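Spelled out, the chains give:
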Amino acid sequence: MKKSRIFIAGHKGMVGSALVRILQKQDVDLIIKEKKEINLLNQNDVQNFFKNEKIDQVYLSAAKVGGIYANNIYPAEFIYENLTIQTNIIHSAFSNGVKKLLFLGSSCIYPKRTQQPMQEEELLTGKLEPTNEPYAIAKIAGIKMCDSYNRQYGKSHEIDYRSVMPTNLYGKGDNYHAKNSHVIPGLIGKFHQAKINNESQVVVWGSGTAKREFLFVDDMADACIYIMNLKANNYYSCIKPNNHINIGSGEEFTIKELAIIIKDVVEYKGDIKFDPTKPDGSPRKLMDSSRINKLGWYSKVVLKEGLSKTYREFLNL
């Protein structure tokens, strides 16, 4: 029997590398390409790649990502690069006969003042969080592109392009840049440096009251593969009237609680100080994951366990 040829776009990113780790253990033909081999921002490169590779499935995890600081400083790059990458891949996949594709979005697609937990139906019901609006708009466009191709070509070309919306992710392969990172790698880096330098305190952005949900990246990759392989009838009957599905852990923590856990994991002995002059971002972000739970998937790794694994991997960088 012919092995499925699976392309992971963004295989060096946090989610992409987790997908590689899992799929390498399965009986599939895995396709990964370095940036020097294919420029995902170049339409001709992407089109020729799909034409030559005869791909069966695509996991679209390639994206330009970053935290509040990066989104504020580089809004043009965030909207341009994400729109271009996903448009090139989705259209090239379709025009070269790829039947199954999974697009990875983000919880920031939902309005800033939406109800909690955030349900799939809340998409496009209110204003976005200003600090990451360009990135969110690009991700919303990706969801709608998959949905539009399904609506127009689902039956005639037998395509099935799905979208998953992860909550805040962390784990192996994360970005630990001092200014461009997300909250967990940013705090791990801060607490570790403070520990090494014997500093008396660590300053954390914001008031510490904002609430966030976190998901270990290996759980996310497992969920992606689970969703990709669900039978169409089971999947679409559960997610209607939407084309996307939330993936979360179902647990939320204040930034203050998160900082205390990371301080403990890193074994830092100093104090934590919060800077309320810096932005908190959205006051609360908890996904409603009831649909994916109904389909039979649940997260496995609890936060402190995942943070301990993440810190051990950070020490090996």
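Everything discussed here concerns the structure shown above.
Everything numeric here is computed off the predicted structure, so don't read it as measured data.

Focus on the overall build of the protein chain
Right, on to step 1. From N to C terminus, the protein chain includes 11 helices and 12 strands.
Right, on to step 2. On C-alpha atoms alone, the protein chain measures out to a radius of gyration of 19 Å, which is about the 20 Å that the 2.2 N^0.38 rule sets for 317 residues.
Right, on to step 3. The principal-axis extents of the C-alpha atoms in the protein chain amount to approximately 65 × 40 × 40 Å.
Right, on to step 4. Expressed as a percentage of the 317 residues in the protein chain, the buried residues total 52%.
Right, on to step 5. Sequence-distant contacts, at least 24 apart, represent 81% of the contacts inside the protein chain between residues at least 6 apart.
Right, on to step 6. In the structure as shown, the protein chain presents an accessible area of about 15,200 Å², 49% of it carried by carbon and sulfur atoms.
Right, on to step 7. Between the mean site of the 43 positive side-chain charges and the mean site of the 34 negative ones, the protein chain shows a separation of 2 Å.

Let's talk about helix 1 (residues 14–23)
Right, on to step 1. The buried fraction of helix 1 is high, at 8 of 10 residues.
Right, on to step 2. Taken together, the buried positions of helix 1 are Met14, Val15, Gly16, Ser17, Ala18, Leu19, Val20 and Leu23.
Right, on to step 3. At its buried positions, helix 1 is contacted by strand 1 (5–9), strand 2 (29–31), strand 3 (57–60), strand 4 (100–104), strand 6 (168–170) and helix 7 (217–228).

Here we look at the sheet that holds strand 4
Right, on to step 1. The 6 strands are arranged 2-1-3-4-5-9 in an open sheet whose pairing can be described as parallel. Taken across any chain shown, the strands that pair with only one partner, and hence form the sheet edges, are strand 2 and strand 9 (244–247). Within this sheet the neighbouring strands show an average axis-to-axis angle of 20 degrees, counted without direction.
Right, on to step 2. By the bridge criterion, 4 bridges tie strand 5 (residues 160–166) to strand 9 in an arrangement that is parallel. Each residue of the ladder has a partner; that of Pro166, found in strand 9, is Ile247.
Right, on to step 3. Strand contacts of helix 7: strand 3, strand 4, strand 5 and strand 9, with the helix running at about 145 degrees to strand 4, the strand carrying the most contacts.
Right, on to step 4. Across the sheet, helix 8 (residues 232–239) touches strand 5 and strand 9, and the angle it forms with strand 5 is around 50 degrees.

Notes on helix 11 (residues 303–315)
Right, on to step 1. Over its 13 residues, helix 11 extends 18 Å from the first C-alpha to the last, a length consistent with the 18 Å expected when each residue adds 1.5 Å.
Right, on to step 2. Where helix 11 is concerned, the buried positions are Leu303, Gly306, Leu307, Thr310, Tyr311 and Phe314. Buried residues of helix 11, seen end-on, are gathered within an arc of 135 degrees and therefore sit on one face of the element.
Right, on to step 3. Next to the buried residues of helix 11 lie strand 6, helix 6 (183–196), strand 8 (211–216), strand 10 (252–254) and helix 9 (255–266).

Topic: the environment of Asp174
Right, on to step 1. Tracing the chain through its elements places Asp174 in the loop between strand 6 and helix 6.
Right, on to step 2. Along the backbone, Asp174 and Val217 are 43 residues apart, and their C-alpha atoms lie at a distance of 9.2 Å.
Right, on to step 3. Beyond its immediate stretch of four places on either side in the chain, Asp174 contacts Met14, Leu169 and Pro185.

What counts, and where the lines are drawn
- Residues numbered from 1 in each chain as written.
- Predicted model: local features only at pLDDT ≥ 70, side-chain atom pairs only at ≥ 80, totals over all residues.
- Heavy atoms only, no water.
- Helix = DSSP H or I, 4+ residues; strand = E, 2+ residues; numbered from the N terminus.
- Rg over C-alpha atoms; globule rule 2.2 N^0.38 Å.
- Buried < 20%, exposed > 50% of the residue type's maximum accessible area, 1.4 Å probe, protein only.
- Contact = heavy atoms within 4.5 Å.
- Areas by Shrake-Rupley, 256 points an atom, 1.4 Å probe, with all protein chains shown as cover.
- Lys, Arg positive; Asp, Glu negative; His and termini not counted.
- Charge placed at Lys NZ, Arg CZ, Asp CG, Glu CD.
- Pairing = 2+ DSSP bridges.
- Axes fitted to C-alpha atoms, helices over the stretch in contact; angles between N-to-C directions.
- Expected span 1.5 Å × (residues − 1).
- Arc of directions from axis to C-beta.

Honestly, it's all geometry; don't read function into it.
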